[in-house]
Structures are given as structure tokens and as C-alpha cells.
Amino acid sequence: MGHGHTDESAGRKLGLSLRTVRRMMQDLMNRLGAESRFQAGAQAVRNDWI
């Protein structure tokens, strides 16, 4: 996601379905307490996840 891929292109690159990618992104956002992908990215950096 940090490279600007859409859910669709990320799924193709990872060999995952669109539904799985969206579910994974929602889980990450919930774990990070983020309401947007941008917030999730910023919080992941603050948490030293990336």
C-alpha cells in the first residue's frame, strides 16, 4: 500500500482476492485505530511497524 497500489493491484501482486485484501486492510486500520489509509500509514510508522 505504501507504493500507492490499489486494493485490486495489491491483490494481484500478492495472489490474493480483492475481498481478502480489503478485509486485511480493514483489520490493520482497526488495530491501528485509524479511520483512513493515510492515518494507518502514519500510525504504522509511529508504532515502528514499517
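Refer to the structure printed above.
Residues numbered from 1 in each chain as written. Predicted model: local features only at pLDDT ≥ 70, side-chain atom pairs only at ≥ 80, totals over all residues. Heavy atoms only, no water.

A. Representation of the overall build of the chain. Secondary structure summary: the chain contains 3 helices and 0 strands in total. Counting helices and strands in the order they occur from the N terminus, the chain gives α-α-α. Relative to the 2.2 N^0.38 estimate, which gives 10 Å for 50 residues, the radius of gyration of the chain is 11 Å and therefore close to what a compact globule would have. Seen through its principal axes, the chain has C-alpha atoms that stretch 30 × 20 × 15 Å. A burial count over the chain gives 22% of its 50 residues as buried. The long-range fraction of contacts in the chain, counting pairs at least 24 apart against all pairs at least 6 apart in sequence, stands at 12%. Within the chain, the 5 negative side-chain charges are centred at a point lying 6 Å from the centre of the 8 positive side-chain charges. (Helix = DSSP H or I, 4+ residues; strand = E, 2+ residues; numbered from the N terminus. Rg over C-alpha atoms; globule rule 2.2 N^0.38 Å. Buried < 20%, exposed > 50% of the residue type's maximum accessible area, 1.4 Å probe, protein only. Contact = heavy atoms within 4.5 Å. Lys, Arg positive; Asp, Glu negative; His and termini not counted. Charge placed at Lys NZ, Arg CZ, Asp CG, Glu CD.)

B. Broad picture of the pattern of salt bridges. Under the criterion given, the structure shown has 4 salt bridges. Of the charged contacts in the structure, one is a salt bridge between Asp 7 and Arg 22, with a shortest N-O distance of 3.3 Å. Pair noted here: Asp 7 is in helix H1 (residues 7-14) and Arg 22 is in helix H2 (residues 18-32), with a separation of 15 residues, a long-range link. For Asp 7, a relative accessible area of 12% puts it in the buried group. In this structure Arg 22 comes out as partly exposed when scored by relative accessible area, which is 43%. In this structure, Arg 37 engages Asp 7 in a salt bridge whose closest nitrogen and oxygen atoms are separated by 2.1 Å. (Salt bridge = Lys/Arg side-chain N within 4 Å of Asp/Glu carboxyl O.)

C. Structural detail: unusual backbone geometry. For Asp 48, which is not a glycine, the phi torsion comes out positive at approximately 60°. When its relative accessible area of 68% is taken as the criterion, Asp 48 is described as exposed.

D. Expanded view of a nonpolar patch on the surface. A surface patch of nonpolar side chains, amounting to about 400 Å² of accessible area, comprises Leu 28, Val 45, Trp 49 and Ile 50. With respect to the helices and strands, Val 45 occurs in helix H3 (residues 37-46). Owing to a relative accessible area of 46%, Val 45 belongs among the partly exposed residues under this scheme. (Patch = residues over 30% accessible without salt bridge, like charges linked within 9 Å, V, L, I, M, F, W, Y side chains within 5 Å. Areas by Shrake-Rupley, 256 points an atom, 1.4 Å probe, with all protein chains shown as cover.)

The quantities given are spatial measurements derived from coordinates; they are silent on function.
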